[in-house]
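So the chains spell out like this:
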Amino acid sequence: SYCSFSSRISFLKAPLIPRRRERRFVNAIAAAATTIGGKEKILVILGATGCGKSGLSVRLGTHFPAEIINSDKMQVYNGLDITTNKIPLHERHDVPHHILGDVDSDKGEFTPLDFRIRADNVVSDIASRSKLPILVGGSNSFIHAMLVTHFNPNDDVFNATIPRLISSDLRYRCCFLWLDVAFPILAEYLSIRVDEMLQLGMFEELAEFYNPTTAETASYSGIRKAIGVPEFDKYFKKYPPARNNKIHKSAFNDAVNEIKLNTHVLAERQIGKILKLKQAGWDINVLNATAAFRAAVEPGSRMNREEIWKNQIWEPSLRIVNRFLEE
Ligand code: ATP
């Protein structure tokens, strides 16, 4: 059942709080090392939806003096917290999060150029507090727009029919960590996560969000592009939300299956985009999270799940980030 699955993977979320002495030591390194040669240092955590980026970033954010900048293009908007999978407040463990849920979704689309400008200001603020900015999120078009030295908003480097050269000339000193999970294992987890989101109230959230007028227009923009909105719009057009609505099982299951499929497609595309960045010469450190995920999916696994996560994700991450801060 997904309840026991959820408790099995909960170790991805609980941060390891460093001891006081360790924390003082990392404070000293980071304060000396957040800028170099005029360029700010930033840590970038890449990965498909659902691979554990938020958990890792919060753990790193409690270990190092750091602040998190969200780079998921749906999570920048206010509203639809369950549907877009925003990290809940209690899981942030007092690590400040920026550009997360504070863009007004009624004010049109937040573009990659908007993100580039906002995020650059946030980086300067975080650096002025001698803290390390950690960029975390699955929108590679946002990450690309923010990091390249020369950004052309008219050039869609990922979706162009003719392959475009992605520049590796970046305007910050970046350390990249890619949490990579083998696709079949990730897909299995993503389907379970959709069921969990429904348990948490995704359907009710979307019912409240549903607007028959906007649902009539075929074009989706801003937060209305979030997976779940178009899929359930079809359902609500047939069965408009009302108090004490009964669930129409067959149409409901159609929407849920479509959401699962679209989530798999999103994850696959995201992985493809990260590979393009890597091929373009971005110096991306790959952390293979497959074993940690497999251990969570298969309860019979002998080695302790947390142990696998610690050995394969946490410790390599720490080594890489420490080296980067000492540079
Ligand atoms: P693109 O080049 O297609 O704009 P991208 O890398 O900029 O891709 P993605 O984050 O991959 O951005 O988002 C693409 C689409 O995937 C979104 O428009 C949305 O439909 C869906 N999506 C992405 N993140 C979420 C999320 N957190 N919740 C729901 N849907 C999401």
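Small disclaimer: the values here were computed from a predicted structure and weren't measured. (Residues numbered from 1 in each chain as written. Predicted model: local features only at pLDDT ≥ 70, side-chain atom pairs only at ≥ 80, totals over all residues. Heavy atoms only, no water.)

J.: Would you explain the packing of aromatic side chains in this entry?
T.: Two aromatic rings are characterised by how far apart their centres lie and by the angle between their planes. As enumerated under the stated definition, the model contains 16 aromatic pairs in all. Relative to F232, the ring of F203 has its centre 5.4 Å away and its plane inclined at 65 degrees; by these criteria the two rings are edge-to-face. In this pair, F203 is assigned in helix α7 (residues 202–209) and F232 in helix α9 (residues 229–238), connecting sequence segments 29 residues apart. The exposure class assigned to F203 is buried, which follows from its relative accessible area of 10%. Where F232 meets Y235, the ring centres are 5.8 Å apart and the plane angle is 75 degrees; that geometry is what we call edge-to-face. Here Y235 and F232 lie together in helix α9, a separation of three residues that amounts to about one turn. Assigned by exposure class, F232 and Y235 land together as buried. Taken together, F203, Y210, F232, Y235, F236, Y239 and F252 form an aromatic cluster joined through their ring pairs. (Phe/Tyr/Trp six-rings, centres within 6.5 Å; stacked < 30°, edge-to-face > 60°. Helix = DSSP H or I, 4+ residues; strand = E, 2+ residues; numbered from the N terminus. Buried < 20%, exposed > 50% of the residue type's maximum accessible area, 1.4 Å probe, protein only.)

J.: Hey, could you run me through the packing of helix α6 (residues 183–200) against helix α11 (residues 290–297) in this one?
T.: Two quantities define a packed helix pair, namely the angle between the helix axes and the distance between the axes. The contact between α6 and α11 brings their axes to 10 Å, and the two run at 45 degrees. When the axes of α6 and α11 are compared, the pair comes out oblique. Crossing hand, α6 versus α11: left-handed. Residues I185, L186, E188 and Y189 of α6 form the contact with α11, whose own contacting residues are T290, F293, R294 and V297. A breakdown of the residues in the contact of α6 with α11 according to their chemical character gives five nonpolar, one polar and two charged. (Axes fitted to C-alpha atoms, helices over the stretch in contact; angles between N-to-C directions. Parallel < 35°, antiparallel > 145°, perpendicular 65-115°, else oblique. Left-handed = near helix turned anticlockwise from the far one by under 90°. Contact = heavy atoms within 4.5 Å. Nonpolar A, V, L, I, M, F, W, Y, C, P; charged D, E, K, R; others polar.)

Note that all results are geometric; they support no functional claim without further evidence.
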